[in-house]
Amino acid sequence: MATTTDRDLDVLTDVVRWRARAEAFEVGAMLDYRDREMARTASVEPAMRRQVERSAICLSIGEATGLSEGQVQGRLAAASTVHEKAPSVWDAFGDGAIDFGRVRDIAATIDQLKREESIARLDRLVVGYAVDHTGAELRAWLRRFVQRVEADLAVERADDERRNRHVTIRHGADSMGTLYAYLPSHELAAIEARLRKAARRPTEPGDERTIAQREADQLVAWCTDGEAATAAVDANIAVTIAADVLAGAVAGFAESTDGRWAVPAGWIAAVIGTGRTFWHRIVTDPVTDDILSHEYLGRFSPDTLDVALRFRDGVCQSPGCMVPAERCDIDHREPWPVGPTRADNLGPLCRRHHQMKGHGVLRWSTRPPRPLKPIVIEIYRDPVNIQYAGQSSMRGRTL
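Everything numeric here is computed off the predicted structure, so don't read it as measured data.

Conventions adopted
- Residues numbered from 1 in each chain as written.
- Predicted model: local features only at pLDDT ≥ 70, side-chain atom pairs only at ≥ 80, totals over all residues.
- Heavy atoms only, no water.
- Helix = DSSP H or I, 4+ residues; strand = E, 2+ residues; numbered from the N terminus.
- Buried < 20%, exposed > 50% of the residue type's maximum accessible area, 1.4 Å probe, protein only.
- Polar contact = N/O pair within 3.5 Å; in protein donor to acceptor, adjacent residues only side chain to side chain.
- Phe/Tyr/Trp six-rings, centres within 6.5 Å; stacked < 30°, edge-to-face > 60°.
- Lys NZ or Arg CZ within 6 Å of the ring centre and 35° of its normal.
- Pairing = 2+ DSSP bridges.
- Patch = residues over 30% accessible without salt bridge, like charges linked within 9 Å, V, L, I, M, F, W, Y side chains within 5 Å.
- Areas by Shrake-Rupley, 256 points an atom, 1.4 Å probe, with all protein chains shown as cover.
- Salt bridge = Lys/Arg side-chain N within 4 Å of Asp/Glu carboxyl O.

How do you make sense of the side chain of D313 when you look at a structure like this?
By the secondary structure assignment, D313 is in helix 15 (residues 303-313). Under the relative-accessibility criterion, D313 is labelled buried at 1%. In terms of polar contacts, D313 uses its side chain to reach the side chain of R312, at 3.0 Å.

Set out below in structure tokens:
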């Protein structure tokens, strides 16, 4: 038996559907009025008079509906696109299954697509998703759709748009201003991650700044102080790249794990090649989306791998050196980028032997790693087995 709460929710569902139908009726009436006025003015002479009367169509609709000319133009453009190119979406709109906000987002996606078969495929698939998901989820789905069905064109657009990157500074009232940066998404993600981590580090006693204030102050420090700008702040960024895209078989995008952004896979490859930023690479199957592999990319290993290596080796890996690993640098046996940033190619070297290796005096890339065995750490008398899911097991002593 349905409860009062269930009936109330059913009423809300009905209201939402009625509202969507009302939107469809309103937009349909706008289209009908525009089409009638366009037909009526077709024979108006002279041409200047015809142009003036047609330019007043949106103004007349706006006066009748309380909308601005710009709002009317936007609604008419979106409605026309969907009505002409996506009949399934238009029917769902008329039935109240989706609202105008979703219709507008779908219309914007249709405008991005260049191939008729892509638009037809969108019309077949999008209604089923739009009905059961929020507007934000639908926008993310639409972005992924464009990047997958017309990846080559989407990469071209991204490359063109990247040329428009810029920074704008505007000074405002009350001695404040705005710094606006239009940048590639993966670079913004790295900046965001570094800012958040830096602003959440322990502060001096008495520091009463909010997190937002700390982030703002940190950004200023990076931009104006040389030492702060070059200080390393560990911030891991994860992207997913389909295996066929990674192999270069097809054009495609690398997508952030939270789905907020995606960039052409080639942009990520370029970042990896510089060694400036550390990245995780998650390779997925293009059909099942199953994860095929997870790799560390970049020159510098992450904190978790550093800890594992120091536990594994215990001391500097130069023959006979007993400097504790926690006081050593983590170095590549086979120099990066030829040698990967991976457990079987990394190990601790004290600063002295690290410098000797850098000058070619010490060569340890041919020296085999020490025998490996699992670590057991005793914490509060309870043995805890530490398992490492990397290329090699961990080595150490029972503490």
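Is there a simple way to think about the packing of aromatic side chains in this case?
Aromatic rings considered in pairs are described by the distance between their centres and by the relative angle of their planes. Inspection of the entire model under this criterion finds four aromatic pairs. Ring plane angle 70 degrees and centroid distance 5.8 Å describe the contact between W90 and F93, whose orientation is recorded as edge-to-face. Here W90 and its partner F93 are both found in helix 5 (residues 87-94), three residues apart, which amounts to about one turn of the helix. Classification of F93 by relative accessible area gives buried; the value is 1%. Ring geometry for F93 versus F100: centroids 6.1 Å apart, planes at 40 degrees, classification tilted. Accessibility expressed as a relative area gives 4% for F100, which makes it buried. Aromatic ring contacts, followed pair by pair, group W90, F93 and F100 into a single cluster. Its guanidinium or amino end placed over the ring of W222, R194 lies 5.0 Å from that ring's centre, counting from NZ or CZ.

Could you clarify how one ought to interpret the pairing of strand 4 (residues 253-256) in this entry?
Regular strands have side chains that alternate between both faces of the sheet. Because side chains alternate across strand 4, one face comprises the buried residues F253 and E255, and the other comprises A254 and S256, equally buried. In this structure, strand 4 lies alongside strand 5 (residues 262-264), joined through three bridges in antiparallel fashion. Note on strand 5: the bridge partner recorded for E255 is A262.

Even after reading the chapter, I still don't get the pairing of strand 2 (residues 177-182), so can you show me in this structure?
Two elements, strand 1 (residues 166-171) and strand 2, share six bridges in a ladder whose sense is antiparallel. By the bridge assignment for strand 2, V167 is matched with A181. Hairpin remark: strand 1 followed by strand 2, antiparallel, with five residues in the connecting loop; positive phi at D174, about 55 degrees.

Would you mind showing me how to read a nonpolar patch on the surface here?
A surface patch of nonpolar side chains, about 300 Å² in accessible area, is lined by V11, V15 and W18. Mapped onto the secondary structure, W18 falls in helix 1 (residues 4-40). Classification of W18 by relative accessible area gives exposed; the value is 53%.

What is shown is where atoms sit, not what they do.
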